[in-house]
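Inside the fold
Each chain, written out:
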Amino acid sequence: MIHLFKMNDMYFAVDTNSGLVHVVDEIIYDLLNDDSFKCDHKVKELENKHGRDIVSEAISEINYLIVNNMLYTEETNAVNKIKPAIKAMCLNMTHDCNLRCEYCFASQGSYKGEREILSYETGKKAFDFLVNNSGLRRNLEVDFFGGEPLMNFETIKKLVDYGRSLEEKHNKHFRFTITTNGVLLDDEKIDYINENMDNVVLSIDGRKSTNDRMRKTINEKGSYETIVKNFQNFVSKRMDKDYFARGTFTAYNLDFSEDVKHIRDLGFDKISVEPVVASPEEKYALKEEHLEILKEEYEKLTELYLESNKEENKKFNFFHFNIELDGGPCIYKRSIGCGAGTEYVAITPNGDIYPCHQFVGQDEFVIGNVDEGICNEEITDKFKNVSVNEKPVCKDCWAKYYCSGGCHANAYNFNKDFNIPYSVGCELEKKRIECSIYIKGKLS
Amino acid sequence: MVHIKTLNQTKLTDNMNVKGCGECQTSCQSACKTSCTVGNQKCENK
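Quantities reported herein were computed from a predicted structural model and do not represent experimental measurements.

Turning next to the interface of chain B and chain A. Tallying the contact residues gives 43 residues for chain B and 83 residues for chain A. Of the roughly 5,200 Å² buried between chain B and chain A on both sides combined, carbon and sulfur atoms contribute 54%. For the pair chain B and chain A, the number of links is 2 salt bridges. Note that Arg 175 of chain A is salt-bridged to Glu 44 of chain B, the shortest N-O span being 2.8 Å.

Quick look at the structure:
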């Protein structure tokens, strides 16, 4: 399977099964389009257009790639080599929040339930559960999440110490991350986070008008002024460690490249702005009718990215334009996807275990608890059996080894079926991959 | 090659016998909490 696309002045051929990306010229593009190189009368037409010798030379190059398994590569069934083991945990430090963001999938922090705080004792059990279920995996990831995790900061510090105390004994290495809205981010917390967290996600949507329309305080005021100041202070002390200023775009800001630009102009150089996930009945939900505008917006963002990267003080990293053409995950990992319910879990303040943070609050998805471990294998088995080569929509999609089948929660929320991905998300993902490849081509 | 420039040095199908350790980062633990993007993660087994 191959995917051909043109973006601005460049042509590309992506060979899905080998993962090879070829920058091609217009002649190759025309020859590969509809398999024209296999059809005598189409080849003749192209000889008239480009010249006989050149077309013959181009066909030789195509044949060289085919013979060397670099184009039209056969499918490799690479499923199930990775042994299931839980190695990543989203730990909900609170089911409470000091903001009331309109689009929050966690129902403004409460996840449709009681407002709760994770205790140190339950947190310890969550760490024990992770270590005990991680098999031979050494690298374990804990994301301190919420609600707003900084509302439970003292417990985070104690749990980081507890995690470190387990490392040597169990031959594990913890990577800690935190996702925060920034309201409580003071100097003490900043210093602690910079010392202990491998990555930090700072939630900000972009321009003041965009941010404050959605990210409101409890008193319904905008959060922009507070968080920008705190995040700038944070980043000034972050040095070269990882972080992302992360926003969400909705139907209210379809021109989201302006928000990315704004975040860049605020001094943040690692940025992720993602499409909202919302039920179609919400006014801010992204729908099929928005797709063309959004695709154009990703192209604008691509140009902004390339222009910005010419100047040292404007350079920025956009999360969804990162793509590892060499040195990325292996085909096994790419086949099984995000790992929800198999290598990744979310744990709530009352100790319940869910397949991922997106399922928290949906009782039918509780797969266990920190006292008894995984109890509901009926659910976890469903996640184990999801791979890109089994999902009917994915198996013939050129992008399957980049998105790995998409978000299971989105698939379920929109289609009530893990095997049917969220189509708007697919279209946007494919566009982002094309933009990422184009950037690689431009910079190569 | 005159008409084609390949951007990668390696194929997904190279060295499959030594791949699949499962040590790489879980995608939702990076910056995305609402979309699955695996192709931009890094291999831990090189």
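On to the UniProt feature "coiled-coil region" (unreviewed entry) in chain A. Mapped onto this numbering, the UniProt entry gives "coiled-coil region" (unreviewed entry) at residues 284-311 of chain A. With 64% helix and 0% strand, the stretch residues 284-311 of chain A has end C-alpha atoms that lie 35 Å from each other.

Attention shifts here to the nonpolar core. Counting residues in hydrophobic clusters, the biggest one holds 118 residues, and the most contacted among them are Leu 91, Phe 127, Phe 144 and Met 197 of chain A. Counting 22 residues, the second-largest nonpolar core is a separate cluster that includes Leu 20, Ile 27, Val 55 and Ile 62 of chain A.

Here Glu 324 of chain A is to be found in the loop between β12 (317-318) and α11 (331-336). A polar side-chain atom of Glu 324 of chain A sits 3.3 Å from a polar atom in the side chain of Lys 42 of chain B. Not counting residues up to four positions away in its chain, the partners in contact with Glu 324 of chain A are Arg 334 of chain A together with Gly 39, Asn 40, Gln 41 and Lys 42 of chain B.

Turning to the pairing of strand β13 (residues 344-347) of chain A, a few remarks are in order. It is a general feature of regular strands that their side chains alternate between the two faces of the sheet. Residue and element names in this part refer to chain A. Both faces of β13 are covered, namely the face carrying Tyr 344 and Ala 346 and the face carrying Val 345 and Ile 347. Sheet topology places strand β4 (residues 88-92) next to β13; 4 bridges connect them, and they run parallel. The residue of β13 that forms the bridge with Met 89 is Val 345. Bridge count for β13 against strand β14 (residues 352-354) is 2 bridges, and the pairing is antiparallel.

With that out of the way, let us pick up the confidence of the model for chain B. Mean pLDDT over chain B: 83, with 80% of residues reaching 70 or higher. Two numbers describe this predicted complex: its pTM, 0.95, and its ipTM, 0.92.

Glancing now at the packing of aromatic side chains. All names here are of chain A. Counted according to the given criterion, the structure contains 29 aromatic pairs over all chains. Sitting over the ring of Tyr 72, Lys 38 keeps its end group 5.2 Å from the ring centre. Residue placement shows Lys 158 over the ring face of Tyr 120; its charged tip is 4.6 Å from the ring centre.

Cross-referencing UniProt, the feature "domain: Radical SAM core" (unreviewed entry) maps to residues 83-311 of chain A in the present numbering. Within residues 83-311 of chain A, the helical portion is 38% and the strand portion 18%, while the C-alpha atoms at the span's ends are 45 Å from each other.

For the rest of this paragraph, the subject is unusual backbone geometry. A cis amide bond links Gly 146 of chain A with the next residue in sequence, Gly 147 of chain A, at an omega value of 15°. Take Gly 147 of chain A: it is sitting in the loop between β7 (139-145) and α5 (153-170). Phi is positive for Asp 35 of chain A, close to 55°, though the residue is something other than glycine. For Asn 15 of chain B, which is not glycine, the phi dihedral falls at a positive 50°. By the element assignment, Asn 15 of chain B lies in the segment after β1 (4-6). With a relative accessible area of 52%, Asn 15 of chain B lands in the exposed category.

Another point: helix α4 (residues 120-132) of chain A. The end-to-end C-alpha distance of α4 of chain A, which contains 13 residues, comes to 18 Å, matching closely the 18 Å that a straight helix rising 1.5 Å per residue would cover. Listed in full, the buried residues belonging to α4 of chain A are Thr 122, Gly 123, Ala 126, Phe 127, Phe 129, Leu 130 and Val 131 of chain A.

Time to look at the side chain of Lys 270 of chain A. By the element assignment, Lys 270 of chain A lies in strand β11 (residues 270-275). Look past the residues within four positions of Lys 270 of chain A in its chain and what remains in contact with it is Lys 241, Asp 242, Tyr 243, Phe 244, Ala 245 and Asn 317 of chain A.

Residue and element names in this part refer to chain A. Taken N-terminus to C-terminus, the directions of α4 and α5 make an angle of 30°; their axes are 10 Å apart at the nearest point. Put simply, α4 runs roughly parallel to α5. When the axes of α4 and α5 are compared, the crossing they make is right-handed. Of the residues in α5, those in contact with Tyr 120, Gly 123, Lys 124, Phe 127, Asp 128 and Val 131 of α4 are Thr 155, Lys 158, Leu 159, Tyr 162, Gly 163, Leu 166 and His 170. When its residues are assigned to classes, the contact of α4 with α5 shows 6 nonpolar, 4 polar and 3 charged.

Rules used in this analysis
Residues numbered from 1 in each chain as written. Chains lettered and ligands numbered in written order. Predicted model: local features only at pLDDT ≥ 70, side-chain atom pairs only at ≥ 80, totals over all residues. Heavy atoms only, no water. Contact = heavy atoms within 4.5 Å. Buried area = accessible area lost by both parts, 1.4 Å probe. Salt bridge = Lys/Arg side-chain N within 4 Å of Asp/Glu carboxyl O. UniProt positions renumbered as here; feature names shortened; annotations may be inferred. Helix = DSSP H or I, 4+ residues; strand = E, 2+ residues; numbered from the N terminus. Core = buried A, V, L, I, M, F, W, Y, C linked by side-chain atoms within 4.5 Å. Buried < 20%, exposed > 50% of the residue type's maximum accessible area, 1.4 Å probe, protein only. Polar contact = N/O pair within 3.5 Å; in protein donor to acceptor, adjacent residues only side chain to side chain. Pairing = 2+ DSSP bridges. pLDDT = per-residue confidence, 0-100. Phe/Tyr/Trp six-rings, centres within 6.5 Å; stacked < 30°, edge-to-face > 60°. Lys NZ or Arg CZ within 6 Å of the ring centre and 35° of its normal. Expected span 1.5 Å × (residues − 1). Axes fitted to C-alpha atoms, helices over the stretch in contact; angles between N-to-C directions. Parallel < 35°, antiparallel > 145°, perpendicular 65-115°, else oblique. Left-handed = near helix turned anticlockwise from the far one by under 90°. Nonpolar A, V, L, I, M, F, W, Y, C, P; charged D, E, K, R; others polar.

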